[in-house]
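Structural overview for review
Chain residues, written in single-letter form:
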Amino acid sequence: MMMDDRRGVTRKPLKAKALLAVDGGSPVWTRTVDISSNGIGIASDEPLRVGVPARVRFEMFYDGRSHVVDVKGKIAYCIFSGGDFKAGFTFSLLDLPTMTLITKYIR
């Protein structure tokens, strides 16, 4: 049975280590799950604070090259599922090169 995805945007799997820094907290290592033009799915061993400004840094491989992506945003939600905390990180104000890279990657 296929679940209806209510997010309404195209997502593409992206498996990479990511460093998440939530304002007022120490940076923590997480893992990316998937990416869209609006945000990125993250898996963490620890619960993540929802609604506060944060930044996430991860590496994407596209067009035969490695690209380090460092974006600002916030954790939109965090749930416990399958032994991990699954979180949605919503981007805010992507610069043009980052937006272009993500758009090309998800096509």
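Below or above, wherever it landed, is the structure these notes cover.

Thresholds, definitions, all that
- Residues numbered from 1 in each chain as written.
- Predicted model: local features only at pLDDT ≥ 70, side-chain atom pairs only at ≥ 80, totals over all residues.
- Heavy atoms only, no water.
- Salt bridge = Lys/Arg side-chain N within 4 Å of Asp/Glu carboxyl O.
- Helix = DSSP H or I, 4+ residues; strand = E, 2+ residues; numbered from the N terminus.
- Buried < 20%, exposed > 50% of the residue type's maximum accessible area, 1.4 Å probe, protein only.
- Arc of directions from axis to C-beta.
- Core = buried A, V, L, I, M, F, W, Y, C linked by side-chain atoms within 4.5 Å.

**With respect to the pattern of salt bridges**
One pass over the structure, following the stated rule, counts six salt bridges. Of the charged contacts in the structure, one is a salt bridge between Asp 34 and Arg 11, with a shortest N-O distance of 2.6 Å. Of this pair, Asp 34 sits in strand β3 (residues 28-35) while Arg 11 sits in the segment before β1 (12-13); the two residues are 23 residues apart in sequence, bridging distant segments of the chain. The class for Arg 11 is partly exposed, based on a relative accessible area of 32%.

**Focus on helix α1 (residues 96-106)**
All of the buried residues in α1 are Thr 98, Leu 101, Ile 102, Tyr 105 and Ile 106. Looking down the long axis of α1, one finds its buried residues gathered within 120 degrees of arc, a one-sided arrangement. For α1, the exposed residues lying more than 90 degrees away from the buried face are Leu 96 and Pro 97.

**Structural notes on unusual backbone geometry**
For residues besides glycine, phi is generally negative; the peptide bonds are generally trans as well. Here Asp 63, not a glycine, exhibits a phi torsion of approximately 60 degrees, which is positive. By secondary structure assignment, the location of Asp 63 is in the loop between β5 (53-62) and β6 (65-81).

**Re the nonpolar core**
In this structure, Leu 20, Ile 35, Ile 40, Val 56, Phe 58, Met 60 and Phe 89 are the most contacted members of the largest nonpolar core, which totals 24 residues. Every element with two or more residues in this core is listed here: β2 (17-22), β4 (39-44), β5, β6, β7 (84-91) and α1.

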